[in-house]
Amino acid sequence: MSTSVGLKELVGGWLSAFEEALRASDRAGLELIFLEECYWRDQVALTWDMRQAHGRDQVLDALLSVKDWTQPRNFGLAEQHPDPARASILGREVVEAYIAFELRNGKGQGFLRIVEDATASAGARCYMLGTDIHTLNDVVEELGNRVNRERLQPVFPIHGYKPMRKGQHFGEFAEEKMAFANHDPDVLIIGAGHTGMAVGARLERMGQSYLIVDRASRLGDSWRNRYESLALHTVGAVNQLPYIRSPDIFPDYVPKDQWADWLDAYGRMMRLNLWLKTEVVKGAFDENKGEWSIELRTADNASRTIRPKHVVLATGGIGLNPKPFSAPGIEDFKGTMIHSKYYKSGAEFEGKRVLVVGSGTSAFDMCYDLYLRGAKPTMLQRSETSVVPLEEGVRYNRDYLPGGHSVETADLRRGAGAVYPVIIEILKNECNACNERNADLYANLREAGLWLGDGADGSGWLGKLFKTFKGFHLDMGVLQEIVDGNVRIQQASEVERFVENGLLLIDGKVLEFDAIVAATGFQNANENVAEIFGKDIADKVGACSGLDAMGEPVGLAKPLGQRQFWQMYGGINDCRRLSRHLALEIIAQLKGYVPPLSRAQDGSLVVPESK
């Protein structure tokens, strides 16, 4: 069975058997078409949650527990994605297929990996199943009206908006839509970076009332105000926002000011509801009314209280407040000391000896910038790090490159396939191959004193990206300078204490420095929640970042302990993909398709009883 038609029949037969057994709650029938080692990851479609299950018993328990709630049915191949094809994953030969299905309140899509088996009733057994929400009933992502050769007649509204009153032109419409003069938005999004704007763009095109607020004076300032040499470390093909693709004239690695300008243009082109120079002063939730009371200080320094139904925190997983740096004797140091948040340019340190504390992406970038600007940088390394040439990042994201999959297919494939035990093994293999390809570079870096490591489980830089977003660096040029001795490495394990003119080493030697840059990270975003909403709500919300026991990102685009409060964080590609999920979750609750959901302390979903 090697032809495309044959693979379609194989997948179709498996889907039919799966649907029949699931509908009938036939566990024995399901056991016949799932491998003992199998996995399921659901992103909202069947569970209204982000969940995964590992092993046949756990997978079937989970599927059978939710099938009556969301009523998945009419499984088939997804026409907008590639046909089924053979592939190899972790040494296992599989057939991969993109699927579509209907739900009680909408439609879903997914990614399937099955293993051919002539002894199985359906001719195959499932190795991996991923299910994603795609649409909701009565919710349409409105795009532009497009005439074509088959439909020459333009469709109202021909200008892309529906006037609120007779004769209203577009400028008036856009201004009044954003003002919320006589009503409040249903959704408040805090933060107008790529995360907040991605969610806002989805809600905008789905016709849902929302408002984005940010303290910045201009869209993109969260990037514009960072250190001057910063650029995106992922290849441009991955860094797409919803609906509007980045210009082809952009370089592969976009400088931060160019990206900031693009965010500014994006917000204006999408006509998002944005209030800049606006601060969230405080907020509280009324459990009885099911709404928030949010006090804002607006651009004209006025106070306004709004009462949205839902709040989305989109200020980033790392938080806004610098993590204090402390070390023995640091109070004795007489030179300049700043946190990396306040570092702008190496030009300010020309000719000076600068100690950069930390070994994450910012630390490497700043050491390189300092060297290029005539300073003498040394990195104080306190823990292992993973470093890779830029090519390795491109290799990992090759599905997104021109000539590969569409962005939508690549997103579905990446999200649905991210079950923890499988992805970690894949990343281990990637890490081993990366180490072989770069063996000479790594030997030279170790000789220069850099402490390299692949993480406790050997999954390398990609594992660190997947789990913690820290402890790795995609090289922008600094690694060769480390090898050549232009950027020096000092291990913290060799340091006795800080002294007034630098570092006292255990062997008695003093390394003199004029300045210290503490690239020591930021406090968790939960600290920002507590500042605005108080400790009780912050405790319910919990940490923002990391993985839960099953390998799902903590608190990301899913119900939290505090109902009607959501978090969105992560890279540009993560937020592009998950912004649709989050928007549909919120709209489903607003429409009453699903009740307000929250999360118990054990991580389980709390579903209120129907009234």
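Structure: see above.
Let me begin by describing the structure that accompanies this report. The structure displayed is predicted, hence computed values, not measured ones.

Focus: unusual backbone geometry
- Here Phe156 and Pro157 are connected by a cis peptide whose omega angle stands at 0°.
- On the secondary structure map, Pro157 appears in the loop between strand E7 (124-136) and helix H4 (170-179).
- Notably, Asn74 is not glycine yet its phi reads approximately 55°, a positive angle.
- When you line up the elements, Asn74 lands in strand E3 (residues 73-77).
- One non-glycine residue, Asp138, lies in the positive phi region at around 65°.
- Residue position: Asp138 is located in the loop between E7 and H4.
- According to the relative accessible area criterion, Asp138 is exposed, its value standing at 68%.

Side note on the pattern of salt bridges
- Enumeration over the complete set of coordinates arrives at 45 salt bridges.
- Note that Arg437 is salt-bridged to Glu392, the shortest N-O span being 2.7 Å. Here Arg437 is found in helix H11 (residues 420-437), whereas its partner Glu392 is found in helix H9 (residues 390-396), with 45 residues between them in sequence.
- One salt bridge in this structure joins Asp457 and Lys467, with 2.7 Å as the shortest N-O distance.

Quick look at the packing of helix H10 (residues 407-416) against helix H17 (residues 572-591)
- Taken N-terminus to C-terminus, the directions of H10 and H17 make an angle of 95°; their axes are 11 Å apart at the nearest point. Of the possible angle classes, the one that applies to H10 and H17 is roughly perpendicular. Within the contact between the two elements, H10 uses Val407, Asp411, Arg414 and Gly415 and H17 uses Asn573, Arg576 and Arg577.
- Among the residues forming the contact of H10 with H17, the class breakdown is one nonpolar, two polar and four charged.

Considering the sheet that holds strand E12 (residues 291-297)
- Ordered by their spatial adjacency, three strands build an open sheet running E11-E12-E13, and the pairing between neighbours is antiparallel. The two strands at the open ends of the sheet, each matched to only one other strand, are strand E11 (279-286) and strand E13 (303-306). Averaged over all neighbouring strand pairs, the angle between strand axes comes to 15°, with direction disregarded.
- Where E11 meets E12, seven bridges bridge the pair, whose relative direction is antiparallel. Bridging across to E12, Asp286 finds its partner in Glu291.

As for the nonpolar core
- Membership of the largest hydrophobic core comes to 120 residues, with the highest contact counts inside it found for Trp14, Phe18 and Phe34.
- Ranked by residues supplied to this core, first place goes to H17 with nine residues.
- Apart from residues no more than four positions distant in its own chain, Trp14 is found in contact with Ile33, Phe34, Leu112, Ile114, Ala122, Ala124, Arg125 and Cys126.
- In terms of nonpolar packing, the next biggest core, distinct from the first, is built from 22 residues, Leu188, Ile190, Val541 and Leu560 among them.

Points about the packing of aromatic side chains
- On inspection of all chains with the given rule, the structure shows 22 aromatic pairs.
- Look at Phe250 and Trp262: their rings are 5.9 Å apart centre to centre, the planes differ by 80°, and that puts the pair in the edge-to-face class. Of this pair, Phe250 sits in the loop between helix H6 (221-224) and helix H7 (256-269) while Trp262 is found in helix H7, placing the two residues 12 residues apart along the sequence. Each of the two residues, Phe250 as well as Trp262, counts as buried.
- Taking NZ or CZ as reference, Arg202 lies 5.2 Å from the ring centre of Tyr243, over its face.
- One cation-aromatic arrangement involves Arg226 over Trp223; the distance from NZ or CZ to the ring centre is 5.7 Å.

Observations concerning the environment of Leu372
- Within the fold, Leu372 resides in helix H8 (residues 361-372).
- Looking at Leu372, the relative accessible area reads 52%, which means it is exposed.

Digging into the sheet that holds strand E22 (residues 502-505)
- Across the sheet, which stays open at both edges, the three strands sit in the order E21-E22-E23 with antiparallel pairing between neighbours. Taken across any chain shown, the strands that pair with only one partner, and hence form the sheet edges, are strand E21 (495-499) and strand E23 (510-512). Ignoring which end each strand starts from, the neighbouring axes of this sheet average 25° apart.
- Taken together, the three bridges between E22 and E23 define a ladder with antiparallel strand orientation. In the strand pairing of E23, Leu504 is matched with Val510.

Some words on the pairing of strand E5 (residues 92-103)
- Note that E3 and E5 share three bridges and pair antiparallel. Within E5, the position partnered with Gly76 by the bridge is Ala100.
- From the end of strand E4 (residues 85-89) to the start of E5, which pair antiparallel, there are two residues, and Leu90 there has a positive phi angle of about 55°.
- Inspection of the sheet shows E5 paired to strand E6 (residues 106-116) by nine bridges, in the antiparallel sense. Opposite Ala97, over in E6, you have Leu112 as the bridge partner.

The rules we used
Along each chain, the written sequence defines residue order, and numbers are assigned to residues from 1. Two thresholds apply to this predicted model, a pLDDT of at least 70 for residue-level local features and 80 or more for giving and counting side-chain atom pairs, whereas whole-chain, interface and lining totals are computed over all residues. Each side-chain value is worked out from all heavy atoms of the structure, with water and hydrogens disregarded. Working definition: helices are DSSP H or I runs of at least four residues, strands are E runs of at least two. Numbering for both runs from the N terminus. Residue burial is assigned from relative accessible area. The probe radius is 1.4 Å, only protein chains are included, and a residue is buried under 20% of its type maximum, exposed over 50%, and partly exposed in between. Just to be clear on terms, a salt bridge is a Lys or Arg side-chain nitrogen sitting within 4 Å of an Asp or Glu carboxyl oxygen. Fitting a line to C-alpha atoms yields each axis, with helices limited to the stretch in contact; the angle taken between N-to-C directions then spans 0 to 180 degrees. In this scheme, roughly parallel covers angles under 35 degrees and roughly antiparallel covers those over 145, while 65 to 115 is roughly perpendicular and the rest are oblique. Any two residues having at least one pair of non-hydrogen atoms within 4.5 Å are treated as being in contact. Lys, Arg, Asp and Glu make up the charged group, whereas Ala, Val, Leu, Ile, Met, Phe, Trp, Tyr, Cys and Pro make up the nonpolar group; the residues left over, Gly among them, are polar. A pair of strands is labelled paired if DSSP reports no fewer than 2 bridges between them. As used in this record, nonpolar core signifies buried Ala, Val, Leu, Ile, Met, Phe, Trp, Tyr and Cys residues forming a set joined through side-chain atoms within 4.5 Å. Aromatic rings from Phe, Tyr and Trp, taking only the six-membered ring of Trp, are treated as a pair when their centres fall within 6.5 Å; an angle between ring planes under 30 degrees marks them as stacked, one over 60 as edge-to-face, and anything in between as tilted. The rule for a charge over a ring is simple: NZ of Lys or CZ of Arg within 6 Å of the ring centre, and within 35 degrees of the ring normal.

These results come straight from atomic positions and should not be treated as a statement about function.
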